[in-house]
Amino acid sequence: MKRHAPAASRNRDPIATVLRDVLPSRGLVLEVASGTGEHVAYFARAFPHLDWQPTDPDQVALQSIEAWRRAEGLPNLFAPLPLDAASPDWPVARADAIVCINMVHISPWSATIGLLDGAERLLGSGAPLYLYGAYRRRDVPTAPSNEAFDRSLRARDPEWGVRLLEDVVAEAEQRSLRLDRLVEVPANNLSVVFRHL
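Residues numbered from 1 in each chain as written. Predicted model: local features only at pLDDT ≥ 70, side-chain atom pairs only at ≥ 80, totals over all residues. Heavy atoms only, no water.

Within the element layout of this structure, T112 appears in helix α4 (residues 109-122). In this structure T112 comes out as buried when scored by relative accessible area, which is 1%. Beyond its immediate stretch of four places on either side in the chain, T112 contacts M103 and V104. (Helix = DSSP H or I, 4+ residues; strand = E, 2+ residues; numbered from the N terminus. Buried < 20%, exposed > 50% of the residue type's maximum accessible area, 1.4 Å probe, protein only. Contact = heavy atoms within 4.5 Å.)

Our focus in this paragraph is the pairing of strand β5 (residues 128-133). Burial runs high along β5: six of the six residues are buried. Alternating positions in β5 separate into two faces, P128, Y130 and Y132 on one and L129, L131 and G133 on the other, with burial throughout. Direction of pairing for strand β4 (residues 97-101) relative to β5: parallel, over a ladder of four bridges. When the bridges of β5 are listed, C100 appears paired with L131. As a crossover connection, the stretch from β4 through α4 into β5 is right-handed. One ladder, built from six bridges, connects β5 with strand β9 (residues 189-196); its direction is antiparallel. Looking at β9, one finds that Y132 is bridged to S191. (Pairing = 2+ DSSP bridges. Right-handed = clockwise from strand over helix to strand, strands pointing away.)

The tally for this structure, following the rule as stated, stands at three aromatic pairs. Both rings, one in F43 and one in W52, keep their centres 5.8 Å apart while their planes meet at 35°; by these two values the pair is tilted. Since its relative accessible area comes to 0%, W52 is described here as buried. Ring geometry for F47 and W52: centres 6.1 Å apart, planes at 40°, overall tilted. Of the two residues, F47 and W52, neither departs from the other in class, the shared state being buried. Within the aromatic cluster, the residues linked to one another by ring pairs are Y42, F43, F47 and W52. The ring of W68 is capped by K2, whose NZ or CZ atom sits 4.4 Å from the centre of that ring. Lying over the aromatic face of W90, R121 brings its terminal NZ or CZ to 5.4 Å of the ring centre. (Phe/Tyr/Trp six-rings, centres within 6.5 Å; stacked < 30°, edge-to-face > 60°. Lys NZ or Arg CZ within 6 Å of the ring centre and 35° of its normal.)

Written as structure tokens, this is what we have:
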């Protein structure tokens, strides 16, 4: 059954605008933590020259992704695969780009570390890792809405929360991932693009 996330329809176009500038012209895009499947279905239609591999650790999410895939009927949208980002065992051996939307704050820190480890293993030189979501920045005041969001996340799970961008960048740099660009997008979110060295 197709699930819907209201934010997906609001943020898909700003995300797609950034992706147009950073994705390769051909190849496989691995989406980590595909959630409902709405984003990957939209991007597979918007970028037909790329193959899209959705993943998620949650069985209900995998069923929703598959429902979206069947409804869209796109040849470049592959069947979803189970993937826990924190695990070293990923079902994909290589990718030309990795996209991860709204996972870093709604998961333990170990999932972010696992994501960066996976990007180091799978991506070739110059390939992008694209992250989207809410972040704190050391020298930039945090929006009140993001502070409230952080409190609500931590109330749901103490291991979740809006991360300090500089912490993510420092971990990425240890894994040969260089910060390529930072794009502010609506509703106090960021598009963060790394490139594998």
